[in-house]
Amino acid sequence: MKETWKELPIGAIIKEPGSSKRFETGDWRTERPVLDPEKCIHCMFCWIYCPDSSIKVENGKMEGFLYEYCKGCGICADVCPTKAITMVREEV
Amino acid sequence: MKVVAKTANEAMAEAMRQINPDVVAAYPITPATEIVQIFSSFVHDGLVDTEFIAVESEHSAMSACIGAAAAGARVMTSTSSQGLALMDEVLYIAAALRLPIVICEINRALSAPINIHCDHSDTMNVRDSGWIQIYAEDSQEAYDSVIQAMKIAEEAFLPAMVTADGFILSHAMQRIDMLEDEEVQAFIGEHKSPYNLLDIYNPITIGPLDLQDYFFEHKRQEADAMMKAPEVIKKVADEFGQKFGRKYGLVEEYRLDDAEYAIVVIGSTAGTAKDTVDMMRDKGHKVGLLRIRVFRPFPAEEIVKALKNVRVVGVMDRADGVNAYGGPVFMEVRAALYEEEKKPDVYSFVYGLGGRDVKPVDIERVFQMIMDADKGKKIDRLNYIGVRE
Ligand code: SF4
Ligand code: SF4
């Protein structure tokens, strides 16, 4: 539960240093990229193009998405040479 | 207490000297009056401990004031007309960050055409910026109000501007009862900040992005501070009155008790209008006057109490809303009276733009028009007084 106006510190200041780390910038996404691992050839095009560093890579392999930060722009799906990424509507 | 002859410019600069702010940032270009120039000579002469920052625009002046106030300093500045308009964007920031900055403002007309004389278009332009606004009737009140404003701002954690009419007060010499420096210091007390940017043990972030999920809460908090400001203003004025003998309220009623016709004014016109009320009372007319001293927060309750039994009210605005309906003070006074079952009829009279003189005969005409309206004569809702027709 977020604070009411009576609970917030005066003047819209933030009292906790580094709290922006907890801010998940992916919450305004309307579409979510979904990977079909069968089609992926691990070329890393999506990793290069993603403007939000939201492609998860482990041991040189494309392993999915960081949905906390992915804004759903669809660039990864667009550049993928094997059409391994599909954009799916986020349900409310 | 010592009696001196001073202009409002000098009196407000003296109030600044006695407050001895930590920082004054200013850009005293025309149409600013000499307040900052006088104050800078106090800095030069070592009469204050102030860090004087000469910046390159009024926008920067208020920005520097905000930075200094956020860092825990007691901060003041001064401006007029276009200068205040150029500060506009940053005024909102000072208020929302809840920084207790005080501006000594001289009311001068906004361009175009270019004009440096009195009207209230400059401060009316920023009436919704979240600043407390106190309009002085004379230089004594301007001086007293600057001292009170510093204390009010630091208790309400809202910035405050004290205004005095250009030339009529700013450049005219008047008898002023000045307090002793120590009395001013004792009255305003220790500086209070809402927070301190330089407190390394309690680091804070000021002015971050604030989107849909928090912005509204922060604005609601600011609105609450303005709702509580009347109590702070009255408390500080009472304390001032008890200590120094000069009493001030949110509004001032003049011969309103049994009045059937009333005018509402702000600023120096109240002086001329009080004389006119006396003259008309001598002729047997039941007339009175309400002066709004504090326009922000808007003293709706006091206004309604003062005017609800009057038959017709003429609200005199020294600024035109250019809205084809009525002046800004008129709009709000009329709206405040709406709730009352028995309410006076209210008309708008725009006057004195660009320093056009307002004479007793002009004010008499306003009274005459509202008295005629009461007798059934049709008059316009919005009237212009003192313009060549
Ligand atoms: S949709 Fe956009 S932000 Fe999300 S992973 Fe693909 S490229 Fe990155
Ligand atoms: S662009 Fe397509 S194929 Fe290449 S790594 Fe990304 S998902 Fe796999």
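Residues numbered from 1 in each chain as written. Chains lettered and ligands numbered in written order. Predicted model: local features only at pLDDT ≥ 70, side-chain atom pairs only at ≥ 80, totals over all residues. Heavy atoms only, no water.

### Quick notes on helix α9 (residues 269–282) of chain B
For an α-helix the count is 3.6 residues per turn, leaving residues at separations of three or four pointing the same way. Residue and element names in this part refer to chain B. Taking 1.5 Å per residue as the helical rise, α9 with its 14 residues ought to reach 20 Å, and the 20 Å between its terminal C-alpha atoms agrees with that figure. All buried positions along α9 are accounted for by Thr-269, Ala-270, Ala-273, Lys-274, Thr-276, Val-277, Met-280 and Arg-281. Along α9, the residues classed as buried sweep out an arc of 165° about the axis, all on the same side. Among the structural elements, β7 (160–165), β9 (251–254), β10 (261–265), β11 (287–292), β14 (345–351) and α12 (360–374) are those in contact with the buried residues of α9. Positive backbone phi, at 95°, marks Gly-284, one or two positions downstream of α9. (Helix = DSSP H or I, 4+ residues; strand = E, 2+ residues; numbered from the N terminus. Expected span 1.5 Å × (residues − 1). Buried < 20%, exposed > 50% of the residue type's maximum accessible area, 1.4 Å probe, protein only. Arc of directions from axis to C-beta. Contact = heavy atoms within 4.5 Å.)

### Regarding the nonpolar core
Looking at soluble globular proteins, one finds that nonpolar side chains tend to be buried together. Met-12, Met-76, Ile-132, Tyr-143, Val-146 and Ile-147 of chain B are the most contacted members of the largest nonpolar core, which has 55 residues in total. Counting 28 residues, the second-largest nonpolar core is a separate cluster that includes Ala-73, Leu-84, Met-87 and Met-161 of chain B. (Core = buried A, V, L, I, M, F, W, Y, C linked by side-chain atoms within 4.5 Å.)

### Considerations on the site of ligand 2
Close to ligand 2 lie 13 residues; Cys-40, Cys-43, Met-44, Cys-46 and Cys-80 of chain A are nearest. Class assignment for the residues of the shell around ligand 2 results in 11 nonpolar, two polar and no charged. (Near = heavy atom within 4 Å. Nonpolar A, V, L, I, M, F, W, Y, C, P; charged D, E, K, R; others polar.)

### Some thoughts on the site of ligand 1
In the vicinity of ligand 1, 13 residues are found, and the nearest of them are Cys-50, Cys-70, Cys-73, Gly-74 and Cys-76 of chain A. By residue class, the composition of the shell around ligand 1 is eight nonpolar, three polar and two charged.

### With respect to the sheet that holds strand β4 (residues 75–80) of chain B
Residue and element names in this part refer to chain B. In space, the seven strands of this open sheet follow the order β3-β2-β4-β5-β7-β6-β12, with mixed pairing throughout. The sheet is open, and its two edges are formed by β3 (51–54) and β12 (294–296), each paired on a single side. With direction set aside, neighbouring strand axes in the sheet form an average angle of 20°. Pairing geometry for strand β5 (residues 102–107) and β7, over six bridges, is parallel. Residue pairing across strands places Glu-105 opposite Thr-163, the latter belonging to β7. Together, β4, β5 and β7 form the strand contacts of helix α4 (residues 81–96), whose direction differs from that of β4 by roughly 130°. (Pairing = 2+ DSSP bridges. Axes fitted to C-alpha atoms, helices over the stretch in contact; angles between N-to-C directions.)

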